[in-house]
Amino acid sequence: MQYFDCDKIRYEGPGSKNPLAFKHYNPDELVGGKAMKDHLRFAGAYWHVMRNTLGDPFGAGTAHMPWDDGSNSVENALRRVDVFFEFLDKTGIEFYCWHDRDIAPELNDLSASNQALDTVVEKLKTKQAETGVKLLWGTACLFAHPRYAQGAATSPDARVYAYAAAQVKKALECTKALDGLGYTFWGGREGYATLLNTDMKRELDHLAAFLHMAIEHADQIGFDGPFYIEPKPREPSTHQYDSDAAACLNFLRQYGLTDRFKLNIEANHATLAGHTMEHELTVSADVGMLGSIDANRGDPLIGWDTDQFPTDIMQTTQIMLVVLGMGGFTTGGLNFDAKRRRESHDPLDLIHAHIGGMDAFARGLKIAHAIREDGRLAAFVRERYASFDTELGRRIESGACSFAELEKLALTGGEPALASGRQEMLENLINEFL
Ligand code: XLS
Ligand code: CA
Ligand code: CA
């Protein structure tokens, strides 16, 4: 049985008017000597593709899911696996990501839930072997169940903490069983609603202990992929501890976790944090800590996490400039943590949405590569700091300088003639390539 009313999506080039074709994403086309698909490493998000009913706080789900009988059964979960792999095959997406509770139902007790997971993981393993699809990362859902209402690894209740640990232990084992390349922590409930009832220091200590136990368990079972922390400032918690890339890096450094952890940066979370996506990516990449990306966008008119599909070529260009700048992904990729609008209820809308995202990133990749080849942008930035390439600059950068020495220079050197930052000229330069 096929559920997506289309053939495998092919590349037809920019001249095509076929909505069910790629105009820019041509998987094997080389960009700078590397195939597009290896640059972009697209992943499908199991939770959005298979489990998102498109409900909102004001109304029930609208998504047509003819394969889903609405039950919390393992049979239903197994059926979804076939549908998901049909989706991956048709879009040509070669990676995927899941939460434990997306792929298998949470049942009456933990061992029954674990058993359900094992059954579905077995099937996923077979499908991966048949198709060559890879698991980009796994994660545990530590935010949906009411037991996590006050946090998981930062819960005030040690028994909840233990439950969360057991869930992560199992999710890690499933990730390992599926040869997952990474494992993500997103702390939706790891934060607080009010400081009146919160011991922040204690909660952060608990979170760090939790992550150290995760590393220890990974080592025991032979999972050597990186862990990712995914920053987001709020929603669902009023304040989340992993509020942005800088806060996460500070936490990882404070608790000695930088060896095994990197960051998974999401576009819509960056904007919620009051930053641009490029800012969050640059903060991470500059210290070698950018691991993976959740590809989506927010809506400038709506102040929450709308998780829309990325369609803005300027943004995909800026993202790919950072990714190319760091030499590309290693274990990470571009995970479409994005959902259709509620009005787009048809299974085929999932295909259209992903075609758009993949084409937007293919263009962003080609444009970013062209900008780098052209070299004017990088040359401008290099030149802007040229005074630091002089003897004086070298002394400052190497730590050999003192305030007294600099003061002498300032007293005798006169007023420095500052060069223009030329922002508008550079914006025009970027637009030449779009
Ligand atoms: C929610 C997050 C979540 C993580 C995985 O806003 O983006 O989906 O990516 O738990
Ligand atoms: Ca995400
Ligand atoms: Ca999100």
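The preceding data block contains the structure.
Now for a description of the structure that goes with this document. (Residues numbered from 1 in each chain as written. Chains lettered and ligands numbered in written order. Predicted model: local features only at pLDDT ≥ 70, side-chain atom pairs only at ≥ 80, totals over all residues. Heavy atoms only, no water.)

### Here we look at the overall build of the chain
Move 1: Within the chain one finds 16 helices and 14 strands.
Move 2: For 434 residues, the compact-globule formula gives about 22 Å, and the C-alpha radius of gyration of the chain, at 23 Å, lands near that figure.
Move 3: With the C-alpha coordinates aligned to their principal axes, the bounding extent of the chain is approximately 80 × 60 × 45 Å.
Move 4: Partitioning the contacts of the chain with sequence separation of at least 6, the portion at a separation of at least 24 is 75%. (Helix = DSSP H or I, 4+ residues; strand = E, 2+ residues; numbered from the N terminus. Rg over C-alpha atoms; globule rule 2.2 N^0.38 Å. Contact = heavy atoms within 4.5 Å.)

### Considering the coordination of the calcium ion (ligand 3)
By definition of the ideal shapes, four donors in a tetrahedron about a metal sit 109.5 degrees apart, and six donors in an octahedron sit 90 or 180 degrees apart.
Move 1: For the calcium ion (ligand 3), every protein donor is listed as E266 (OE), H269 (NE2), D305 (OD), D305 (OD) and D307 (OD), and the spread of their distances is 2.2 to 2.8 Å.
Move 2: Each of the 6 donor atoms around the calcium ion (ligand 3) contributes to a set of angles spanning 49 to 149°, which defines the coordination as irregular.
Move 3: Counting the intervening residues between successive donors of the calcium ion (ligand 3) yields the motif E-x2-H-x35-D-x1-D.
Move 4: A relative accessible area of 8% means that D305 is categorised as buried. (Donors = N, O, S within 2.8 Å, 3.2 Å for Na, K, Ca; no water. Tetrahedral: all angles 85-135°; square planar, octahedral: opposite > 155°, others 65-115°. Buried < 20%, exposed > 50% of the residue type's maximum accessible area, 1.4 Å probe, protein only.)

### Comments concerning the coordination of the calcium ion (ligand 2)
Move 1: Protein coordination at the calcium ion (ligand 2) comes from E230 (OE), E230 (OE), E266 (OE), D294 (OD) and D337 (OD), with a distance range of 2.1 to 3.1 Å.
Move 2: We note that the donor set of the calcium ion (ligand 2) lies within a single chain, spaced as E-x35-E-x27-D-x42-D.
Move 3: If you look at the calcium ion (ligand 2) and the calcium ion (ligand 3), they sit 4.6 Å from each other and are both ligated by E266. With E266 in strand β12 (residues 261-266) and D337 in the loop between β14 (334-336) and α12 (347-374), the pair connects residues that are 71 residues apart, well separated along the chain.
Move 4: For D337, a relative accessible area of 8% puts it in the buried group.

### Observations regarding the site of ligand 1
Move 1: Neighbouring residues of ligand 1: W47, H99, W137, F143, W186, E230, K232, E266, H269, D294, D305 and D337.
Move 2: With respect to ligand 1, the side chain of E266 contributes an N or O atom lying 2.8 Å from an oxygen atom.
Move 3: Protein coverage of the free-state accessible area of ligand 1, which is 290 Å², stands at 93%.
Move 4: In terms of residue class, the shell around ligand 1 is built from 4 nonpolar, 2 polar and 6 charged. (Near = heavy atom within 4 Å. Polar contact = N/O pair within 3.5 Å; in protein donor to acceptor, adjacent residues only side chain to side chain. Areas by Shrake-Rupley, 256 points an atom, 1.4 Å probe, with all protein chains shown as cover. Nonpolar A, V, L, I, M, F, W, Y, C, P; charged D, E, K, R; others polar.)

### Looking at the pairing of strand β6 (residues 95-99)
Move 1: A large share of β6 lies buried, amounting to 5 of its 5 residues.
Move 2: Every second residue of β6 is oriented toward a common face, with F95, C97 and H99 on one face and Y96 and W98 on the other, all of them buried.
Move 3: Sheet analysis places strand β5 (residues 42-45) next to β6, joined by 3 bridges and oriented parallel. The partner of A43 across the bridge, within β6, is F95.
Move 4: Alignment of β6 against strand β7 (residues 134-139), held across 5 bridges, turns out to be parallel. Residue pairing in the sheet places H99 in a bridge with T139 of β7. (Pairing = 2+ DSSP bridges.)

### What about the packing of helix α5 (residues 110-131) against helix α6 (residues 158-177)?
Move 1: Contact geometry of α5 with α6 gives a least axis separation of 10 Å together with a crossing angle of 15°. The orientation of α5 relative to α6 falls into the category roughly parallel. The element α5 and its partner α6 pack so that their crossing is right-handed. Across the interface between the two elements, L110, N114, L117, D118, V121 and K125 from α5 touch Y163, A166, K170, C174 and A177 from α6. (Axes fitted to C-alpha atoms, helices over the stretch in contact; angles between N-to-C directions. Parallel < 35°, antiparallel > 145°, perpendicular 65-115°, else oblique. Left-handed = near helix turned anticlockwise from the far one by under 90°.)

### Things to note about the packing of α6 against helix α7 (residues 200-221)
Move 1: Following both chains from N to C, one finds α6 and α7 inclined at 35°, their axes separated by 10 Å at the closest point. Along this stretch, α6 crosses α7, giving a crossing that reads as right-handed. Contacts from Y161, A164, A165, V168, K169, L172, E173 and K176 of α6 reach α7 at H206, A209, F210, M213, A214, H217, A218 and I221.
Move 2: Residues of the contact of α6 with α7, tallied by class, amount to 11 nonpolar, 2 polar and 3 charged.

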